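Chains, contacts and geometry: an overview
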Amino acid sequence: MRSAACLPCLLAALFVGKGIPALASPALLVLAQSSFQPYINARFGYRLDYPADFVPQGESDSGDGQVFVGEEGAELRVWGGYNIFQATPASALQEELQRSRESGRRVTYQVAGRDFFVVSGYEPGSLRIFYLKKLVRPSLEAGFELVYPASRRERYDRDVEAIARSLRFGDP
């Protein structure tokens, strides 16, 4: 009943504002994620939700992840692996920042938390946005990267927020 009462608020936010508010209630997030599908990786025990209109390209031969292709060249890559170098979120962030510099990416956002890091910004030429989030545990890592046209930022910024919230390891 309460979520039904929130529906007019959500619709007003979508039509009047710039999408779903960043501090949306859990009921609104569930409603916003209704057009998502779960991806569960059996080998490394992580999961995330991807947009239902993205086309899965098939599990990699090693079983570590998959690529999903969306409209207008949007691409979601998900992967997992062993943390063989005992990286921490802070050290993994520094490695990713180095890779971004080497590839000509312009990083506009970065953060490291207790068990994750995020890097976001623009691909060379600034026509495409990238958002990368990685969970870092002592023995495992899992992450995703969504790259999408800057011209479709409004749609994909909402999607990336939902994907980032859904990324997690299964219960041990």
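To keep things clear, this report deals only with the structure shown in the data block.

Rules of the game
- Residues numbered from 1 in each chain as written.
- Predicted model: local features only at pLDDT ≥ 70, side-chain atom pairs only at ≥ 80, totals over all residues.
- Heavy atoms only, no water.
- Helix = DSSP H or I, 4+ residues; strand = E, 2+ residues; numbered from the N terminus.
- Buried < 20%, exposed > 50% of the residue type's maximum accessible area, 1.4 Å probe, protein only.
- Contact = heavy atoms within 4.5 Å.
- Areas by Shrake-Rupley, 256 points an atom, 1.4 Å probe, with all protein chains shown as cover.
- Pairing = 2+ DSSP bridges.
- Axes fitted to C-alpha atoms, helices over the stretch in contact; angles between N-to-C directions.
- Phe/Tyr/Trp six-rings, centres within 6.5 Å; stacked < 30°, edge-to-face > 60°.
- Core = buried A, V, L, I, M, F, W, Y, C linked by side-chain atoms within 4.5 Å.
- Salt bridge = Lys/Arg side-chain N within 4 Å of Asp/Glu carboxyl O.
- Expected span 1.5 Å × (residues − 1).

1. Observations concerning the overall build of the protein
Along the backbone of the protein there are four helices and ten strands. Written out in order from the N terminus, the α and β elements of the protein read α-α-β-β-β-β-β-α-β-β-β-β-α-β. Counting across all 172 residues of the protein, residues that qualify as buried make up 42%. Within the protein, counting contacts between residues at least 6 apart in sequence, those at least 24 apart form 44% of the total. For the protein, the accessible area works out to roughly 9700 Å², and carbon and sulfur atoms hold 57% of it.

2. Things to note about the sheet that holds strand 1 (residues 36-41)
What holds strands together in a sheet is hydrogen bonding between their backbones, with the strands either parallel or antiparallel. An order of 1-2-10 is seen for the three strands of this open sheet, with the pairing classed as antiparallel. Looking at the sheet topology across the chains shown, the edges are occupied by strand 1 and strand 10 (168-169). Packed on one face of the sheet, helix 4 (residues 153-166) meets strand 1, strand 2 (46-51) and strand 10 and runs near 160° to strand 2.

3. What to know about the packing of aromatic side chains
For the structure on display, the rule yields seven aromatic pairs. Taking the centre distance of 6.1 Å and the plane angle of 75° together, the rings of Phe54 and Tyr156 count as edge-to-face. Taken together, the positions of Phe54 in the loop between strand 2 and strand 3 (55-59) and Tyr156 in helix 4 put the pair 102 residues apart, joining distant regions of the chain. Relative accessible area serves as the criterion here: at 2%, Phe54 is assigned to the buried category.

4. Notes on the pairing of strand 7 (residues 116-122)
Of all seven residues in strand 7, six are buried; the element is thus mostly enclosed. Connecting the antiparallel pair strand 6 (residues 106-112) and strand 7 is a turn made up of three residues. As paired elements, strand 7 and strand 8 (residues 128-136) share seven bridges and run antiparallel to each other. Opposite Tyr122, over in strand 8, you have Ile129 as the bridge partner.

5. Considering the nonpolar core
Ranked by size, the top nonpolar core spans 28 residues in total, and within it Tyr46, Leu48, Phe54, Leu76, Val78, Phe144 and Leu146 carry the most contacts. Residue assignment for this core shows that the elements contributing at least two residues are strand 1, strand 2, strand 5 (75-82), strand 7, strand 8, strand 9 (140-149) and helix 4. Leu146 has contacts with Phe54, Glu75, Leu76, Ile129, Phe130, Tyr131, Tyr156, Val160 and Ile163, leaving out every residue within four places of it along the chain. With ten residues, the next largest nonpolar core counts Ala92, Leu97, Phe117 and Val136 among its residues.

6. With respect to the pattern of salt bridges
As enumerated under the stated definition, the model contains 13 salt bridges in all. A salt bridge links Arg153 to Asp157; the nearest nitrogen and oxygen atoms lie 2.8 Å apart. Within this pair, Arg153 and its partner Asp157 are both found in helix 4, separated by four residues, close to a single helical turn. Overall, the relative accessible area of 41% leaves Arg153 in the partly exposed class. A relative accessible area of 27% places Asp157 in the partly exposed class. With its nearest N and O atoms 3.0 Å apart, the salt bridge here joins Arg165 to Glu161. Here the residue Arg165 and the residue Glu161 both occupy positions in helix 4, the gap between them amounting to four residues, near one helical turn. In this structure Arg165 comes out as partly exposed when scored by relative accessible area, which is 44%. For Glu161, a relative accessible area of 26% translates into the label partly exposed.

7. Notes on helix 4
The α-helix winds at 3.6 residues per turn, so residues separated by three or four positions along the chain end up facing the same way. Compared with an ideal rise of 1.5 Å per residue, which puts 14 residues at 20 Å, helix 4 spans 20 Å between its outermost C-alpha atoms and is within 8% of the ideal. Where helix 4 is buried, its residues contact strand 1, strand 2, strand 5, strand 8, strand 9 and strand 10.

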